[in-house]
Amino acid sequence: MERRLGRGLGSLLGNASVDEGLSTTSGAADEGESTTGTPSVGEWIDLSAIRRNADQPRKTFDSAALEELRQSIAEHGVLQPITVRRVDDGYQIVAGERRWRAARSAGLDRIPAIVRDEVSDGQSLELAIVENVQRQDLDPVEKARGYQALMDRCGLTQEEVAERVGVKRATVANQLRLLDLPDEARDAVSRGLITMGHAKALLGLRDEGAIRKALGEVVRKDLSVRATERLAQGGERRTSPSPSAASQTPAWVNELESRLRETLGVKVTLRNGAGYRGSIILDYADRQQLETLCDRLAPRESL
């Protein structure tokens, strides 16, 4: 079944562009049209004049899927033009890197492309991310990084990301929580060793050492999500300062942490003491995330 792109692409490229080359139909059959004729839209561009967009969230390309696409293109040609924009040294891909890679592998010299000169740097980044995070074959961690990039690089809120991509805000928030996992757990999600449900259960542990230990048990024993939840609950009691302290954590603290995390897009820890004296800890992963966090908490216009 075909999945259309969110409203963000239509507003950036115009309604016609969705039908012209940015459909996200899965599989190789959507990638081919005979190269012996003239494409219905766009123009033919030398593959050597086109370069990839380094900002797109997809970092890995399934070799088997690319080979299937290469074979389809070798036999039938490229069905849908890729979308590019002009840059100083030729053209940069806005959408369609898989088709570009497969066409090169198939030995083609040229590829049909839609040239969008009106697309700015910011719009190109947004389009590359949105086009990719809506693909069914993008793994959950890559989607989470795409959502985070839209927030960090394009200045979007979680609600705006959800609107661009065409999902609920809760979906974006849950996906972003994957970035709080240690590397081993994120890798397990990407490789399909554990599901989003397993990851959500493991996040309840918070301590990275406890998460790694629980992850090893989940993978070795092939535990269900429900069993992982029970394991994580037991782990929380063992790693907390004391059972009584863990049980006395007010519900409003957990709810406020969740609200702050969804609004700011980073991990939030609220430590509340007697008389409502305490601290709020915000975790950031790099300089870009720190600057984005500062801009949201203290915009320059207000200083």
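Residues numbered from 1 in each chain as written. Predicted model: local features only at pLDDT ≥ 70, side-chain atom pairs only at ≥ 80, totals over all residues. Heavy atoms only, no water.

Draft legend 1. Highlighting the overall build of the chain. Scanning the chain for helices and strands turns up 15 helices and 7 strands. Counting only residues that meet the buried cut, the chain has 44% of its 303 residues in that class. Of the contacts made within the chain by residues no fewer than 6 positions apart, 68% connect residues no fewer than 24 positions apart. (Helix = DSSP H or I, 4+ residues; strand = E, 2+ residues; numbered from the N terminus. Buried < 20%, exposed > 50% of the residue type's maximum accessible area, 1.4 Å probe, protein only. Contact = heavy atoms within 4.5 Å.)

Draft legend 2. Geometry of the pattern of salt bridges. Under the defined criterion, the tally for this structure stands at 11 salt bridges. For Glu97, the salt bridge goes to Arg52, with nearest N and O atoms at 2.9 Å. Residue Glu97 is found in helix 4 (residues 97-105), and its partner Arg52 is found in the loop between strand 2 (50-51) and helix 3 (63-76); the two are separated by 45 residues along the sequence. Among the salt bridges present, the one from Lys221 reaches Glu217, with a minimum N-O distance of 3.1 Å. Residue Lys221 and its partner Glu217 are both found in helix 11 (residues 208-221); the two are separated by 4 residues, about one turn of the helix. With relative accessibility at 22%, the residue Glu217 sits in the partly exposed group. Several salt bridges converge on common partners, so that one network encompasses Arg52, Glu97 and Arg101. (Salt bridge = Lys/Arg side-chain N within 4 Å of Asp/Glu carboxyl O.)

Draft legend 3. Summary view of the nonpolar core. Core analysis: the largest hydrophobic core is formed by 20 residues, its most contacted members being Leu181, Val189, Ile194, Leu202 and Leu205. If you list the elements that add at least two residues to this core, you get helix 9 (183-190), helix 10 (196-203), helix 11 and helix 12 (225-239). Top contributing element to this core by residue count: helix 11, with 5 residues. Counting 17 residues, the second-largest nonpolar core is a separate cluster that includes Ile50, Ile73, Trp100 and Ile111. (Core = buried A, V, L, I, M, F, W, Y, C linked by side-chain atoms within 4.5 Å.)

Draft legend 4. Structural detail: the side chain of Thr269. If you trace the backbone, Thr269 turns up in strand 6 (residues 268-272). Not counting chain neighbours up to four residues away, the residues in contact with Thr269 comprise Arg206, Glu257, Ser279, Ile280 and Ile281.

Draft legend 5. Structural detail: helix 4. Within the span of helix 4, buried status applies to Glu97, Arg98, Arg99, Trp100, Ala102 and Ala103. Positive phi appears at Gly107, one or two residues downstream of helix 4, with a value of about 90°.

Draft legend 6. Looking closely at the pairing of strand 4 (residues 90-95). Across the 6 residues that make up strand 4, a large majority, 6, are buried. Note that strand 3 (residues 82-87) and strand 4 share 5 bridges and pair antiparallel. Bridged to Arg85 within strand 4 is Gln92. In this structure, the hairpin formed by strand 3 and strand 4 is closed by a connection of 2 residues. (Pairing = 2+ DSSP bridges.)

Draft legend 7. Molecular detail of the sheet that holds strand 2. Across the sheet, 5 strands lie side by side as 1-5-3-4-2; this open sheet has mixed pairing. In this open sheet, the two strands that pair with only one neighbour each are strand 1 (43-46) and strand 2. Across the sheet, helix 4 lies against strand 2, strand 3, strand 4 and strand 5 (110-115), angled at about 125° from strand 4, the strand it touches most. (Axes fitted to C-alpha atoms, helices over the stretch in contact; angles between N-to-C directions.)

Draft legend 8. Representation of the packing of helix 6 (residues 140-154) against helix 15 (residues 287-297) within the structure. Relative orientation of the contacting elements helix 6 and helix 15 amounts to 60°, with a least axis distance of 9 Å. For the pair helix 6 and helix 15, the crossing hand works out as left-handed. Counting all contacts with helix 6, which are made through Gln148, Met151, Asp152 and Arg153, the residues of helix 15 involved are Gln288, Gln289, Thr292 and Arg296. Residue classes in the contact of helix 6 with helix 15 are distributed as 1 nonpolar, 4 polar and 3 charged. (Left-handed = near helix turned anticlockwise from the far one by under 90°. Nonpolar A, V, L, I, M, F, W, Y, C, P; charged D, E, K, R; others polar.)

Draft legend 9. How the structure looks around the environment of Pro140. Within the secondary structure, Pro140 is located in helix 6. With 46 residues separating them along the chain, Pro140 and Arg186 place their C-alpha atoms 9.0 Å apart. Setting aside chain neighbours within four positions, we find Pro140 in contact with Gln175, Leu178, Val189 and Met196.

Draft legend 10. The arrangement of unusual backbone geometry in detail. Residues other than glycine seldom take positive phi values, yet Asp222 does so here, at roughly 50°. Along the polypeptide, Asp222 turns up in the loop between helix 11 and helix 12. Of note in the backbone geometry, Tyr276 takes a positive phi value of approximately 55° without being a glycine.

Shape is all these values report; function is a separate question.
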